[in-house]
Amino acid sequence: MKRTRPTTRRTLRLAAVPLTLALVAGACGSDDDDSGSDAGDGGDTESTEAADGGETESTEAADGGDTEAADMDTAACAVDEVDGDLALYNWAEYIDPEQLQAFADEYGISATMDVYDSNEAMLPQIQAGNSGYDLIVPSDYMVSIMIAGEFIQPLNKDAIPNLANLSEEFTGLPYDPDGTYSVPYQAGTTGLAVDTSVVGEDFPRSWSLVFDPAVADQYSGAISLLNDPRETLGAALKYLGYSLNTTSEDELNEARDLVSDARGNLAAFNTDSADELLTSGETAIGHGYSGDMFTQILETDGGTDQYQYFVPEEGGTRWIDNMAIPFDAPHPCTAHTFINWLMDGEQGAALANWNYYTTPNEAAAPFLDEDLLTFLEDPNTLPGGEESLELIEDTGDFEINFSDAFTEAKG
């Protein structure tokens, strides 16, 4: 899901992640994310320029219900064809600006990137039409929603020969089984990171750190939760022993009340800066995405001796973000070419080595850095085992219940 990265990290070449999701320890933001409980109701975007192009403009959200997907023509594009500049709509700092610049330079175009902090903020911009974006990066469940609503177009796979580099375990995915509409971009998990100088070494590897008053009250004002309805309510659902894809109103209401009760101990609902809040000492417990936490921990004094990331024993989210082309992308051939370029082994490794997430690109394996592989294989990172992880799924008409419940929980 998100994945933020402070600009100081653009020069880092730290990490790699295992190709096996079983080893992944744990992904979505604008830099202006409100640190209070009313933060992040979506909508606003920021623009990052990778070349000489100007900012792309967002379109106001419009109502649009899901419809049954119909056959759409694929774009008639040749390999390496560009038909204009690239306008990317992505999670904040989810690609090194220097890598985006390299693509622009290679193909003689400009590339710009606007950012969003949740799938729910991105969706209305695309479904309204005329967004101006050529490529987006929706998460797994959002791909399902966008296919059903005809908001993304089928891919011309002939224009993406580097799809041959896609690892087998990233094929046949439930939200797009044939890979007709999307190509996996990066993957990870969502969990907690803690400052052991505050919580000690024998802390419970559990969501009780956030949701059990007997534990969490010790850290009042030093806890942050993601500003994301599915992730944060999902964490509460897992703590309660339920699936994070529940369609039970009673179970969701329990999760809503749990988040609401936890609010008094929170420093923030914050998606963008959970990692930085932790290592700056503003919080001692942060809910966040694996790559964000890993990179921040490894570049902070104290490192893994002081800070630890893990998916709580009750379980959490395993996620896959994907590249997809909006139905009315102005430059679909450029988008296809960018996908193909990023699926090159060296480019796939450069992406993973910069943002610390799992690459779905099997050809990237020889170029990945080694230090993070050991980090992610630490069994303490996933105390509940792989079986405790779930992909967030599209719950259909029930999705609005998650949004409403989260709004109520934040007060």
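Residues numbered from 1 in each chain as written. Predicted model: local features only at pLDDT ≥ 70, side-chain atom pairs only at ≥ 80, totals over all residues. Heavy atoms only, no water.

**Observations concerning the pairing of strand E8 (residues 285-289)**
With five of five residues buried, E8 is to be regarded as a mostly interior element. Because side chains alternate across E8, one face comprises the buried residues Ile 285, His 287 and Tyr 289, and the other comprises Gly 286 and Gly 288, equally buried. In the sheet, strand E5 (residues 183-195) pairs with E8 via five bridges, with the strands oriented antiparallel. Its bridge partner being in E8, Leu 192 is matched across the sheet by His 287. Note: strand E6 (residues 223-225) against E8, two bridges, orientation parallel. Looking at E8, one finds that Ile 223 is bridged to Ile 285. (Buried < 20%, exposed > 50% of the residue type's maximum accessible area, 1.4 Å probe, protein only. Helix = DSSP H or I, 4+ residues; strand = E, 2+ residues; numbered from the N terminus. Pairing = 2+ DSSP bridges.)

**Focus on helix H8 (residues 249-262)**
Each turn of an α-helix holds 3.6 residues, which means side chains three or four residues apart point in the same direction. Taking 1.5 Å as the rise per residue, H8 with 14 residues should run 20 Å; its terminal C-alpha atoms sit 20 Å apart, in good agreement. On its buried face, H8 is in contact with helix H5 (208-211), helix H7 (229-239), strand E7 (266-269) and helix H15 (399-410). (Expected span 1.5 Å × (residues − 1). Contact = heavy atoms within 4.5 Å.)

**Some thoughts on the side chain of Thr 359**
Within the secondary structure layout, Thr 359 lies in the loop between helix H13 (345-355) and helix H14 (371-376). Its relative accessible area of 1% is what places Thr 359 among the buried residues. At a separation of 3.0 Å, a polar atom in the side chain of Thr 359 contacts the main-chain amide nitrogen of Asn 361. (Polar contact = N/O pair within 3.5 Å; in protein donor to acceptor, adjacent residues only side chain to side chain.)

**Some points on unusual backbone geometry**
Comment: phi is negative for the bulk of residues other than glycine, and the bulk of peptide bonds are trans. Within the chain, Asp 80 stands out as a residue other than glycine whose phi angle is a positive 70°. Position of Asp 80 relative to the elements: it lies in the loop between strand E1 (46-49) and strand E2 (86-91). Judged by its relative accessible area of 41%, Asp 80 falls in the partly exposed class. Even without glycine at this site, Asn 130 takes up a positive phi of about 60°. Structurally, Asn 130 can be placed in the loop between helix H2 (119-127) and strand E4 (135-136).

**Structural notes on the pattern of salt bridges**
Scanning the model with the defined rule gives five salt bridges in all. Ionic pairing is found between Arg 256 and Glu 408, a salt bridge with its closest N-O pair at 3.2 Å. Taken as a pair, Arg 256 in helix H8 and Glu 408 in helix H15 lie far apart in primary sequence, 152 residues in all. Between Arg 318 and Glu 386 there is a salt bridge; the shortest N-O distance is 3.4 Å. Taken together, the residues span a long stretch of sequence, with Arg 318 in strand E10 (residues 316-323) and Glu 386 in the loop between H14 and strand E11 (389-390) at a distance of 68 residues. Each of Arg 256, Asp 257 and Glu 408 takes part in one network of salt bridges that share partners. (Salt bridge = Lys/Arg side-chain N within 4 Å of Asp/Glu carboxyl O.)

**Things to note about the packing of aromatic side chains**
Both the distance between ring centres and the angle between the ring planes are used here to describe each pair of aromatic rings. Applying the stated rule across the entire model yields 18 aromatic pairs. Measuring from centroid to centroid gives 4.9 Å for Phe 103 and Phe 338, while their planes differ by 80°, and the two rings are edge-to-face. Taken as a pair, Phe 103 in helix H1 (residues 97-107) and Phe 338 in helix H12 (residues 332-342) lie far apart in primary sequence, 235 residues in all. Aromatic ring contacts, followed pair by pair, group Tyr 94, Tyr 185, Tyr 289, Trp 319 and Tyr 357 into a single cluster. It is Arg 205 that lies over the ring of Phe 310; its NZ or CZ is 5.4 Å from the centre. Sitting over the ring of Phe 402, Arg 230 keeps its end group 4.2 Å from the ring centre. (Phe/Tyr/Trp six-rings, centres within 6.5 Å; stacked < 30°, edge-to-face > 60°. Lys NZ or Arg CZ within 6 Å of the ring centre and 35° of its normal.)

**Quick word on empty space enclosed by the protein**
The computed volume of the largest cavity comes to approximately 40 Å³. Residue assignment for the lining of the largest cavity shows that the elements contributing at least two residues are E5 and H13. At three residues, E5 tops the list of elements feeding residues into the lining of the largest cavity. When grouped by side-chain class, the residues that make up the lining of the largest cavity number seven nonpolar, four polar and no charged. (1 Å grid on protein atoms, 1.4 Å probe; cavity = no way out; pocket = protein on both sides within 12 Å on 5 of 7 lines; lining within 4 Å. Points joined across faces, edges and corners; volume = space filled by probe spheres on them. Nonpolar A, V, L, I, M, F, W, Y, C, P; charged D, E, K, R; others polar.)

Keep in mind that these numbers describe shape and distance, not what the molecule does.
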